[in-house]
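In case you want the letters, here they are:
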There are 2 protein chains.
Amino acid sequence: MNGKNGHVVFLGAGNVATHLSLALFEKGYHIKQIYSRREETAKELARKVNASFTHRTEEIVPNADLYIFSLKDSVLPEIIRRMPVTRGIWIHTAGSIPMDVFSDSVRKYGVFYPLQTFSKNRKISFSGIPICLEASDEETLRLLTHLAESISGNIHFINSEKRRYLHLAAVFSCNFVNYMYDIGSEILRKEEIPFDILLPLIDETASKVRTLSPFEAQTGPAVRYDRNVMDKHLHLLENEKQKEIYRLLSEEIHVRHSNS
Amino acid sequence: MNGKNGHVVFLGAGNVATHLSLALFEKGYHIKQIYSRREETAKELARKVNASFTHRTEEIVPNADLYIFSLKDSVLPEIIRRMPVTRGIWIHTAGSIPMDVFSDSVRKYGVFYPLQTFSKNRKISFSGIPICLEASDEETLRLLTHLAESISGNIHFINSEKRRYLHLAAVFSCNFVNYMYDIGSEILRKEEIPFDILLPLIDETASKVRTLSPFEAQTGPAVRYDRNVMDKHLHLLENEKQKEIYRLLSEEIHVRHSNS
């Protein structure tokens, strides 16, 4: 990989692959090929980044400088097994997969984990996204740092062990958070109240933890242990699973704040 | 209540009372008195808004124009019972208490519910905060609208029945969300990773639901049903309750997205 003259192959065409390949393409990197198990998906992304595409591992070009694996975790090992011999560096973008998944296959490898939530229909700037790097050797790490710095000003060196915990924390702070929004939105939809009314609250909840710890920022009936309100809320919820979530989270918030 | 010349009494000196009285004080309203069961708390807020204070209900001044009850839900009925006869309007700021909690006590009453999370140590501007109003009569509603418009450009007329659901949706979208941040923060603390690394993710998760519905915005191992990742995560969690939360939310996300 020789700066922006290097050729990049993407394995995968999902949310991360889409946003990362677009960010690199926009910075002048040459995306040579997109591989995806589904030809249509590969083709769609390839068109956007001016690359060729394939859905056959045997057609993956062997002469690129960098191979970026952005696949579902359960699929990655199989694709690695089916890869042709290449001379390039192999990296993946997954939170929970150790770097050494590549150690039996290539000499130079690493991890390039962007700590962000990506949806295909949502544009995003990479500039502030934390990019967590790890590499098999100093030279590869320098190269990945250079690559990361070309799209973001927020680079971190994090090993495989710590990255697993980071991914786990991200599931709570993003995926589960979004699901809480989803339940909120369902409750309002039934009452024909527009979801927009929650946006200032959602924003402030996210902003608060810039100046207060989440522990200090906690508010609501559970932290006050206002049984009155909690019983009313449980009564309003019709969905048994939502009741279960409400009960479990309220109890845990209460326990967390009465021990302090 | 005659515009900003009216005199306001606050019953309660907690997070909502503190922020709301400060906002009104800064807009030129005259805060006459702060009542709180704890004298120290009443005194502390009274100093900030240039008001007198008391911790005895029998000392509450009877000649104010507006009485704003910002108390824990379970305490409100008792304080209402112990109130002196007054000529002013009575309103509360609670999400889950019907307006008619006042109907046996005074002729003019209402609700002024700011849909926001307030912490004493965090400054906040009221200007974008949704304020949900309800009143016993047209004249009181006009007066409350005027009051609300003096601090916010985001006024809603919402009845007691719908407000309960709004409060419930807010618990999911704010209080439970913050608790998810708290768990994320705890996971990182044990690994000595600074919480700040999650902030771009937290921001984007909140911003996404401005352009996508929470359903469309959902990402993560549970929506992909990546058992591989989920099993690893459950293995990393030491806290049994956190495991239970992880399992319950992941299952529900999966069910929600496989039915679609």
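Residues numbered from 1 in each chain as written. Chains lettered and ligands numbered in written order. Predicted model: local features only at pLDDT ≥ 70, side-chain atom pairs only at ≥ 80, totals over all residues. Heavy atoms only, no water.

A. Here's a closer look at the overall build of chain A. When its secondary structure is counted, chain A shows 10 helices and 8 strands. C-alpha atoms of chain A, sized along the principal axes, occupy 65 × 40 × 30 Å. Sorting the 260 residues of chain A into buried and exposed places 60% on the buried side. Of all intrachain contacts in chain A linking residues separated by at least 6 positions in sequence, the fraction that spans at least 24 positions is 51%. (Helix = DSSP H or I, 4+ residues; strand = E, 2+ residues; numbered from the N terminus. Buried < 20%, exposed > 50% of the residue type's maximum accessible area, 1.4 Å probe, protein only. Contact = heavy atoms within 4.5 Å.)

B. Inspection of the sheet that holds strand β7 (residues 131-135) of chain B at higher detail. All names here are of chain B. Ordered by their spatial adjacency, 8 strands build an open sheet running β3-β2-β1-β4-β5-β6-β7-β8, and the pairing between neighbours is mixed. Pairing within the sheet leaves two strands with one partner each, and these edge strands are β3 (52-54) and β8 (155-157). Each strand of the sheet is rotated relative to its neighbour by a mean of 25 degrees, with strand direction disregarded. Where β7 and β8 come together, 3 bridges link them in parallel fashion. If you follow C132 over to β8, its bridge partner there is H156. (Pairing = 2+ DSSP bridges. Axes fitted to C-alpha atoms, helices over the stretch in contact; angles between N-to-C directions.)

C. Broad picture of the pattern of salt bridges. Within the structure shown, the criterion is met by 29 salt bridges over all chains. E244 of chain A serves as the salt-bridge partner of K241 of chain A, at 3.8 Å between the closest nitrogen and oxygen. Of this pair, K241 of chain A and E244 of chain A both sit in helix α10 (residues 240-258), 3 residues apart, which is roughly one turn of that helix. Among the residues examined, K241 of chain A registers a relative accessible area of 32% and is labelled partly exposed. For E244 of chain A, a relative accessible area of 35% corresponds to the partly exposed category. In this structure, K108 of chain B engages D137 of chain B in a salt bridge whose closest nitrogen and oxygen atoms are separated by 3.1 Å. You can see K108 of chain B sitting in the loop between β5 (89-92) and β6 (109-114) and its partner D137 of chain B sitting in the loop between β7 and α4 (138-149), a full 29 residues away along the chain. One connected set of salt bridges, linked through shared partners, spans K108, D137 and E139 of chain A. (Salt bridge = Lys/Arg side-chain N within 4 Å of Asp/Glu carboxyl O.)

D. Quick look at the nonpolar core. Grouped together as the largest cluster of nonpolar side chains are 126 residues, with contacts concentrated most on F69 and M180 of chain A together with F69 and M180 of chain B. For F69 of chain A, the residues in contact, after removing those within four places along its chain, are L11, L76, I79, I80, M83, W90, I91, H92, T93 and F102 of chain A. (Core = buried A, V, L, I, M, F, W, Y, C linked by side-chain atoms within 4.5 Å.)

E. Summary view of the side chain of D73 of chain A. Tracing the chain through its elements places D73 of chain A in the loop between β4 (66-69) and α3 (76-82). Buried within the structure, D73 of chain A lacks any salt-bridge partner; K232 of chain B is the closest side chain of opposite charge, at an N-O distance of 4.8 Å. (Lys, Arg positive; Asp, Glu negative; His and termini not counted.)

F. Here's a closer look at the packing of helix α9 (residues 227-236) of chain A against α10 of chain A. All names here are of chain A. Where α9 meets α10, the axes come as close as 9 Å, and the angle between the chain directions of the two elements is 160 degrees. Here α9 lies roughly antiparallel to α10, going by the angle between them. Relative to α10, α9 is oriented so that their crossing is right-handed. Contacts between α9 and α10 involve V229, M230, H233, L234 and H235 on the former and, on the latter, K243, Y246, R247 and S250. (Parallel < 35°, antiparallel > 145°, perpendicular 65-115°, else oblique. Left-handed = near helix turned anticlockwise from the far one by under 90°.)

G. Highlighting the relation of the copies chain B and chain A. With an RMSD of 0.0 Å, chain B superimposes on chain A once it is rotated by 180 degrees and translated 0.0 Å along the axis. Seen this way, the second copy is the image of the first under a two-fold rotation axis. Distance from the rotation axis, computed per C-alpha, reaches its smallest value in chain B at V177 of chain B: 2.5 Å. A high fraction, 100%, of the interface residues of chain B reappear at the interface in chain A, so the copies pair face to face through one surface. (Least-squares fit on C-alpha atoms with pLDDT ≥ 70 in both.)

H. Summary view of the sheet that holds strand β3 (residues 52-54) of chain A. All names here are of chain A. The strand order across the open sheet built from 8 strands is β3-β2-β1-β4-β5-β6-β7-β8, with neighbouring strands paired in mixed fashion. At either end of the open sheet lies a strand with only one pairing partner, and these are β3 and β8 (155-157). Shown here is a sheet whose adjacent strand axes are inclined to one another by a mean of 25 degrees, direction ignored. Sheet topology note: the strand β1 (residues 7-11)/strand β2 (residues 30-35) ladder contains 5 bridges and is parallel. Note that in β2 the partner of F10 across the bridge is I34. Strands in contact with helix α1 (residues 15-26) are β1, β2, β4 and β6 (109-114); relative to β1, the strand with the most contacts, it is inclined by about 170 degrees. Helix-sheet contacts for helix α5 (residues 160-190) involve β5 (89-92), β6 and β7 (131-135), and the interaxial angle to β6 is about 20 degrees.

I. Highlighting the packing of aromatic side chains. Per the counting criterion, the structure on display carries 18 aromatic pairs over all chains. Aromatic ring contacts, followed pair by pair, group Y67, F69, W90, F102 and Y109 of chain A into a single cluster. (Phe/Tyr/Trp six-rings, centres within 6.5 Å; stacked < 30°, edge-to-face > 60°.)

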